[in-house]
Amino acid sequence: MKLFGMLSLSALVVFGLSVPAAAQAPADDPQMKLGKRVYLMCRSCHSTEADGRHKVGPNLHGIFGRKAGTADGFKYSDVVIKSGITWSEETINEWLVKPKNFLPGNKMAFAGVPKEEDRKALIAYLKQETSAK
Ligand code: HEC
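All values reported here derive from a predicted model rather than from experimental measurement.

Trainee: Quick rundown of the site of the ligand? Include the residues and the values.
Mentor: Inspection of the region around the ligand gives 25 residues, with Cys 42, Cys 45, Gly 57, Tyr 76 and Ser 77 positioned closest. Breaking the shell around the ligand down by element, the ones donating at least two residues are α2 (30-43) and α4 (89-97).

Quick look at the structure:
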């Protein structure tokens, strides 16, 4: 019995499934949880906090409403700098479907987030994380 309990707990952790509702903080809604999980794909290359360091990709703090290719001190490709894009829910959504198609020649080595539901949750999560102080 005890062993079974431990096993199922570790299965929860391994598969990232939700913990029982009673253990959740009220602000922890399902979309944010999904967004956070999808963001794991971005985290190795991007930070979101104010003054976060650039990694392989630029820091994304304040990305909504910002012109593409303008984070201080990051070396972007010319296609991103010259794109004339302002990042919004819509443009980030299109970018993330398949970055290579949206701005051919950019240097973000990332295939994309194919599922619309995942992108939606990710964008909601990004909005929160990139505007936090
Ligand atoms: C392998 C590293 C890598 C991964 C993974 C990655 N990115 Fe990027 N990202 C980059 C690089 C590099 C650039 C700059 C592209 C350029 O200049 O051509 C970039 C640029 C961006 C930009 C434009 C930034 C600006 O200031 O104009 C956004 C938005 C972005 N990434 C979001 C994401 C999101 C969201 C994810 C996860 C779904 C993600 N990226 C995954 C490396 C990555």
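Trainee: Lay out the nonpolar core in plain terms, naming residues and giving numbers.
Mentor: Val 38, Leu 60, Ile 63, Trp 95, Leu 96, Val 113, Ala 121, Leu 122, Ile 123, Tyr 125 and Leu 126 together form the largest nonpolar core, which totals 11 residues. Secondary-structure elements contributing two or more residues to this core are α4 and α6 (116-129). Among the elements that make up this core, the one with the highest residue count is α6 (5 residues).

Trainee: Account for α2, with residues named and values stated.
Mentor: The terminal C-alpha atoms of α2, which comprises 14 residues, lie 20 Å apart, in line with the 20 Å expected from a rise of 1.5 Å per residue. Taken together, the buried positions of α2 are occupied by Gly 35, Val 38 and Cys 42. Packed against the buried residues of α2 are α6.

Rules behind the numbers
- Residues numbered from 1 in each chain as written.
- Predicted model: local features only at pLDDT ≥ 70, side-chain atom pairs only at ≥ 80, totals over all residues.
- Near = placed C-beta within 6 Å.
- Helix = DSSP H or I, 4+ residues; strand = E, 2+ residues; numbered from the N terminus.
- Core = buried A, V, L, I, M, F, W, Y, C linked by C-beta atoms within 7 Å.
- Buried ≥ 20, exposed ≤ 12 C-beta atoms within 10 Å, placed from the backbone.
- Expected span 1.5 Å × (residues − 1).
- Contact = placed C-beta atoms within 7 Å.

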